[in-house]
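Each chain, written out:
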Amino acid sequence: MNPRSSAQDVHRCDLCETAIVHSYCDFCHVNLCKPCILDHILDEYDKHKIVPFQKRRSTLIHSKCETHSHRNCEFQCEDCNNMFVCSSCMASTQHKGHSFVEVTEVYKTKKDDIKKDTNELENHISPTYEEIAFDLENQLASLDGGYDKLTTTMSKQGEQWHREIDIIVNKMKTEISDIKVKHKELLQKHLNDIEQIQSLIKETLHALMKIEESTEVSSTIEYNSKIREFSKPPPKVKVTLPTFIPKPIDCDKLYTLFGQITPLSTVTEENVLSLNQPNTSVKELLDEPELVTKIQTGHKNLRNVTFVNEDMIWTSGNSNEIECFNIKGSTLHTIHTKSGVWPGDIAVDSDGNLMYSGRETRTVNKVRRSETEELIRLKGWVPRNLCVTSTGDLLLTMYSDDETQSKVVRYSGSSEKQTIQFDDEGKPLYSGNSSMKHITENRNHDICVSDYSAGAIVMVNQSGKLRWKYTGHPSVTNNEPFNPYGITTDSQSRILTADGDNHCIHILDQNGQFLRYIDNCDLNDPTGLCVDNNDNLFVCDYANGNVKKFKYFK
């Protein structure tokens, strides 16, 4: 094989074109092998600069002066629109009395600007556009489903109308049947009366015929005529059939009564890039967080808490009971898992329905009106922790059956939309075992996972790109390894995570920078966390089954 045509070829000397490169001339910009170095520096030039190949291009390449071709332009004339000039130009009458600046200084300043711009583009601007694109892709992906749901709702309305119309038609048919019965009874009654009179007439005729044939005097003389009685027949009865008078169909009114389709609405939200400017409207943290209330749940080994509204929370521990409490500590509802085993995690969806994961059944379940329905069933993976996003999606952490892999999956209903598992280099983002990996979403749609076994908080953006990792903060009072458990985020996009072994809560900003601990409120092995709409913090006390509510903002 020709070594110069190989796809994995190493750098070769530019002079002999065969030997492996060893050095580099930073003045002539050529690759050199060891034997060719001497040949190169013995030519007519005296400005060669030989450097190791790995440190090539350390010498700046200056442009040649158009007036003095043998010199480099190492300065700029500030009085001539920053024109590049050489030392001979500076001494000429053309630039007499002008101010000059060294090109190397301008070069360094520009390099710093370029580095800053590169950092800003890579870490802030580009991820923002990625998130916008990801959001649009999600909208496009859910478009068919949304319109299918719309037409299904419309079809159900049509079916309901058909049912109502059928009910009305059947009701009218029943009314007609009742009228028909009355009609028939009326005619039958008159017919019976007529038939009775006809019978009397027949009897009278028969009697007259006997008298006519008889020669008896008395029966003939005693005859009384009944012609007057029969000559006044009853009035004729004529009953008119009922009629159906259909009302004209007003199509426009019918269209209005059937329902209304709202017009397409487009809302544009301005995306303002902060460009690393500090947030000046943040809430300040209290120096000493305040214990507001304590709820005794009765749970043994309390693990999870999730906020419903200002007066309701759901809790779960090492039992099959998921209990709802009001803020005064009274039990409002109790749900039992279908498997009879304690739930992996609990959450509340945008409609206020309880959701919980089941490791044994490999399902995520939803409780609606006290009825439990299966929402998601996994194969080859075990569900662990979950959270509901601001858009109504479900984020679910899971691990493989062989406990070698972990990942985060986004669901819309029961449909899988996104998988987050590896970084840009193909390395796993999360430890591959069955340990707890609580999950939450920031207000800026970043996804944050507390990886207990890895001893780290892992933050990715909405599209799944790694933003940062947090592995704890040194402290005199906290000497145990950092193994984060429950995690939540507040209105300031700050992240709060439970450090049970050190009996405290870590508070981080949205960029993963440590802000402070909460460790002064008699915390004993904190586990699950959540915040309410006013940024009050709810903390599960694993050992004694209490939920403590803290105020930590001013």
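Keep in mind that this is a model prediction, so the values were computed, not measured.

**A look at the sheet that holds strand E28 (residues 526-531)**
The antiparallel open sheet is built from four strands, whose spatial order is E7-E30-E29-E28. Strand pairing shows two members of the sheet lacking a second neighbour, strand E7 (285-296) and E28, which therefore form its edges. Put simply, the sheet's adjacent strands are angled 25° from each other on average, direction ignored. Across four bridges, E28 lies against strand E29 (residues 536-541) in antiparallel orientation. Directly across from Val531, in E29, lies its bridge partner Leu537.

**Observations regarding the confidence of the model for the protein**
When the pLDDT values of the protein are averaged, the result is 86; 92% of them are 70 or greater. Low pLDDT (under 50) marks residues 1-8, which in the prediction has six contacts with non-local residues, meaning those over four places away or in another chain. Throughout residues 275-280 the model reports pLDDT below 50, and contacts reaching past four residues in sequence, or to other chains, amount to four contacts.

**Digging into helix H4 (residues 143-213)**
For H4, which comprises 71 residues, the first-to-last C-alpha distance of 103 Å matches the rise-based estimate of 105 Å (1.5 Å per residue) to within 8%. Looking at H4, one finds that the buried residues are Gly158, His183 and Thr204. Elements that come into contact with the buried residues of H4 comprise helix H6 (227-230) and helix H7 (251-258).

**What about empty space enclosed by the protein?**
Under the criterion given, the structure shown has one cavity of 30 Å³ or more. Estimates place the volume of the largest cavity at around 30 Å³. Residue lining of the largest cavity: Leu523, Asn524, Pro526, Val539, Cys540, Asp541, Asn546 and Lys548, and that is the complete set. Only E29 and strand E30 (546-553) provide two or more residues apiece to the lining of the largest cavity. Counting residues per element, the lining of the largest cavity draws most heavily on E29, at three residues. A class-by-class count of the residues in the lining of the largest cavity yields four nonpolar, two polar and two charged.

**A word on the pattern of salt bridges**
On inspection of all chains with the given rule, the structure shows 14 salt bridges. For Arg377, the salt bridge is made with Glu374, and the minimal N-O distance between the two is 2.8 Å. The class of Arg377 is exposed, set by a relative accessible area of 52%. Judged by its relative accessible area of 40%, Glu374 is partly exposed. Where Arg410 meets Asp393, a salt bridge forms, and the shortest distance between an N and an O atom there is 3.4 Å. Placement of the pair is Arg410 in strand E18 (residues 406-412) and Asp393 in the loop between strand E16 (381-388) and strand E17 (394-400), with a sequence separation of 17 residues. What makes Arg410 buried here is its relative accessible area of 2%. Here Asp393 falls in the buried class, since its relative accessible area comes to 7%. Among the charged side chains, a network of salt bridges with common partners joins Asp393, Arg410 and Lys417.

**A short note on the sheet that holds strand E12 (residues 346-348)**
Spatially, E12-E13-E14-E15 is the arrangement adopted by the four strands of the open sheet, whose pairing is antiparallel. Looking at which strands have only one partner, the edges of the open sheet turn out to be E12 and strand E15 (371-377). Each neighbouring strand pair of the sheet contributes to a mean axis angle of 25°, computed without reference to strand direction. Relative to E15, strand E14 (residues 363-368) runs antiparallel, the two being bridged by six bridges. If you follow Arg368 over to E15, its bridge partner there is Glu371.

**A look at the nonpolar core**
One broad rule of soluble globular proteins: the nonpolar side chains tend to lie buried together. Ranked by internal contacts, the top residues of the largest apolar core, which has 17 residues, are Leu496, Ile505, Ile518, Leu529, Leu537, Val539 and Tyr552. Going through the elements one at a time, strand E25 (495-499), strand E26 (504-508), E28, E29 and E30 are the ones with two or more residues in this core. At three residues, the largest contribution of residues to this core is made by E30.

**Points about the packing of aromatic side chains**
Describing an aromatic ring pair means giving the distance of the ring centres and the angle of the ring planes. A complete count under the given rule lists five aromatic pairs for this structure. Here Tyr470 and Phe482 contribute two aromatic rings whose centre-to-centre distance is 5.4 Å and whose plane-to-plane angle is 80°, an arrangement assigned as edge-to-face. Separated by twelve residues along the polypeptide, Tyr470 in strand E23 (residues 466-470) and Phe482 in the loop between E23 and strand E24 (487-489) bring together distant segments of the chain. In terms of burial, Tyr470 and Phe482 fall into one category: buried.

**A look at the environment of His95**
With respect to the element layout, His95 can be found in the loop between helix H2 (87-90) and strand E6 (100-102). According to the relative accessible area criterion, His95 is buried, its value standing at 1%. Aside from chain neighbours lying at most four places away, what touches His95 is Cys77, Cys80, Met83, Val85, Cys89, Met90 and Phe100.

**Considering the layout of surface pockets**
As a volume, the second largest pocket reaches approximately 930 Å³. For the second largest pocket, the lining is made up of 35 residues, of which Val388, Thr440, Thr488, Thr489 and Val531 are closest to its centre. Taken together, the elements giving at least two residues each to the lining of the second largest pocket come down to strand E8 (304-309), E12, E16, strand E20 (437-441), E24 and E28. Here the lining of the second largest pocket is composed, by residue class, of 14 nonpolar, 13 polar and eight charged.

**Comments concerning the pairing of strand E22 (residues 456-460)**
Every regular strand shows the same layout, with side chains that alternate between the two sheet faces. In terms of burial, E22 is largely enclosed, as five of its five residues are buried. Here E22 shows a buried face lined by Ala456, Val458 and Val460 and a second buried face lined by Ile457 and Met459. The pairing of strand E21 (residues 447-451) with E22 spans five bridges and is classified as antiparallel. Of the residues in E22, the one forming a bridge with Asp451 is Ala456. Counting the residues between successive antiparallel strands, the hairpin from E21 to E22 contains four residues, one of them, Gly455, with a positive phi of roughly 65°.

**Brief notes about the pairing of E20**
In terms of burial, E20 is a largely internal element, five of the five residues being buried. Taking every second residue as pointing to the same face, both faces of E20 are buried, with Lys437, Ile439 and Glu441 on one and His438 and Thr440 on the other. Where E20 meets E21, five bridges bridge the pair, whose relative direction is antiparallel. The partner of Lys437 across the bridge, within E21, is Asp451. Between E20 and the antiparallel strand that follows it, E21, lie five residues; His445 among them carries a positive phi value of about 70°.

What counts, and at which threshold
Residues numbered from 1 in each chain as written. Predicted model: local features only at pLDDT ≥ 70, side-chain atom pairs only at ≥ 80, totals over all residues. Heavy atoms only, no water. Pairing = 2+ DSSP bridges. Helix = DSSP H or I, 4+ residues; strand = E, 2+ residues; numbered from the N terminus. Axes fitted to C-alpha atoms, helices over the stretch in contact; angles between N-to-C directions. pLDDT = per-residue confidence, 0-100. Contact = heavy atoms within 4.5 Å. Expected span 1.5 Å × (residues − 1). Buried < 20%, exposed > 50% of the residue type's maximum accessible area, 1.4 Å probe, protein only. 1 Å grid on protein atoms, 1.4 Å probe; cavity = no way out; pocket = protein on both sides within 12 Å on 5 of 7 lines; lining within 4 Å. Points joined across faces, edges and corners; volume = space filled by probe spheres on them. Nonpolar A, V, L, I, M, F, W, Y, C, P; charged D, E, K, R; others polar. Salt bridge = Lys/Arg side-chain N within 4 Å of Asp/Glu carboxyl O. Core = buried A, V, L, I, M, F, W, Y, C linked by side-chain atoms within 4.5 Å. Phe/Tyr/Trp six-rings, centres within 6.5 Å; stacked < 30°, edge-to-face > 60°.

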